[in-house]
Amino acid sequence: MRTATGTGGSGGGAVVQPRLPQVINLGGSFLASPKVQPILYASDSGGGDIMAFLQELASTSYWSETTSEYGVGPLTILPAIVLTTAAPTTITDAMLESNLAANTSGAYPAWGAADPSTIYLFVMPPGSIEQDTEGACCSDYDGYHYEANLGGSGASAVTVPYALSCACPGFDGPGVTDLQERTVDMSHELIEAATDPFPDSAPAFAQEDDADIVWTFVTDGELADMCEFNDDANVIPPGSSYMVQRSWSNVAARSFQNPCVPVVTTTPYLNSFPQLGTISYDDGAGIISTQGINVPLGASRTIDVALVSAGTVGQPWSVQAYDYDEAIAGTAATANLSQDATSGVNGDSVHLTITPTSADPYLGGEAFIIWSDYGNPGDPDFESQLTMGLVTN
């Protein structure tokens, strides 16, 4: 575990401040002057709110707070393209790319000439589902972003970023309205489309540093992905009307501050950190050194989980470990986890016993996630944080 010496709040005295993950740039470009081209259907009764939300996104501090440290500039929202044709019941990703190519090419392109600095945002109305071999809206995801090669080669090739957002009532839980689900998803995808606009041909901020590579496999590794599983991921920032998703800040993480911004809680940053060693791991591109632990299948090992806060907190916070496959992937657990305590304060340790039962083929081992929650959801001091660990056999 890589650490830096520091002190926290109330509890067992001096503690060690762990080093938090960093989202790294894999060498690709980001959008220094991003524009968003909304593409909506006239039949969408939520279209007015969607456009008002996008304008709010461009005019409040949220956009700069989540993207400026990565080189992304102010956001420009272009006039909406409103489709008067009937919205499809189902549509595929190939159809989206085909529509994009047809309307951004030729002598007089209906949507203007293809622009690599513009994120083409397809907003699907309620009842319209994107579905292909990789999954479907509202069951596997409520949106995504990608890139489209619109033809040409060499210097004449044009590749543009695009995003899809579906209307998926209930997708983000009972506390999120139907409109909020849509704005949360759009904020997530637009942040990632601006900081990683060409994820296939030239990935940018798309992966964690080697020591924290387990975050890449559990969260998918982009900036908004890193915060979406926090119980306080979705917020209405002060001065805003619409709900957005918080996103990872490398700057805050390096300072041992709450890494998911904007920060709306009154509680100092706190978390629970598994004490791991260094292991060799095949991440699919080669063998790397990363934080983790080796436990043979059927065997058990107990590790400390260190509770650390950046300042004084008034009460204990809850600490609960979950198997990745069971909690995130929705499949059978590949490890049994038990702990000797479920709460504590700065300076305390929880003892976590790990017993792998089978290897997840996607991970080549197992992974666990530790949720730390302080206070009650909806209260001004509520805070939710995650850490995670990788297990090899």
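This text follows the structure it describes.
Residues numbered from 1 in each chain as written. Predicted model: local features only at pLDDT ≥ 70, side-chain atom pairs only at ≥ 80, totals over all residues. Heavy atoms only, no water.

1. Looking at the sheet that holds strand β21 (residues 301–309)
Stage number 1. Across the sheet, which stays open at both edges, the four strands sit in the order β18-β21-β25-β23 with antiparallel pairing between neighbours. Bordering the open sheet on either side are β18 (270–274) and β23 (335–339), each of which pairs with just one other strand. Taken over all neighbouring pairs, the strand axes of this sheet differ in orientation by 25 degrees on average, direction set aside.
Stage number 2. Across five bridges, the pairing between β18 and β21 is antiparallel. (Pairing = 2+ DSSP bridges. Helix = DSSP H or I, 4+ residues; strand = E, 2+ residues; numbered from the N terminus. Axes fitted to C-alpha atoms, helices over the stretch in contact; angles between N-to-C directions.)

2. Re the sheet that holds strand β7 (residues 90–91)
Stage number 1. Spatial ordering of the open sheet is given by β7-β9-β10, a layout of three strands whose pairing is mixed. Of all the strands in the sheet, just β7 and β10 (135–136) have a single pairing partner and so form its edges.
Stage number 2. Sheet topology note: the β7/strand β9 (residues 129–132) ladder contains two bridges and is parallel. Directly across from isoleucine 91, in β9, lies its bridge partner glutamate 130.

3. Considering the state of the cysteines
Stage number 1. Tallied over the full model, the rule gives three disulfides.
Stage number 2. Linked covalently through their sulfurs, cysteine 137 and cysteine 166 form a disulfide whose S-S length is 2.1 Å. When the S-S torsion is 65 degrees, as for the bridge of cysteine 137 with cysteine 166, the disulfide is right-handed. Of this pair, cysteine 137 sits in the loop between β10 and β11 (143–149) while cysteine 166 sits in the loop between β12 (159–165) and α4 (178–195), and the two are 29 residues apart along the sequence. (Disulfide = S-S within 2.5 Å.)

4. Structural notes on the pattern of salt bridges
Stage number 1. Counted under the stated rule, the structure contains five salt bridges.
Stage number 2. Its salt-bridge partner being arginine 19, residue aspartate 209 comes within 3.5 Å of it at the nearest N-O pair. Residue aspartate 209 is located in the loop between β13 (205–208) and α5 (213–219), and its partner arginine 19 is located in the loop between β2 (15–18) and β3 (23–25); the two are separated by 190 residues in the primary sequence.
Stage number 3. The buried category is assigned to aspartate 209, whose relative accessible area is 9%.
Stage number 4. When its relative accessible area of 33% is taken as the criterion, arginine 19 is described as partly exposed.
Stage number 5. Measuring nitrogen to oxygen at the nearest pair gives 3.0 Å for the salt bridge that ties lysine 35 to aspartate 115. Of this pair, lysine 35 sits in strand β4 (residues 35–41) while aspartate 115 sits in the loop between α3 (93–103) and β8 (118–123); the two residues are 80 residues apart in sequence, bridging distant segments of the chain. (Salt bridge = Lys/Arg side-chain N within 4 Å of Asp/Glu carboxyl O. Buried < 20%, exposed > 50% of the residue type's maximum accessible area, 1.4 Å probe, protein only.)

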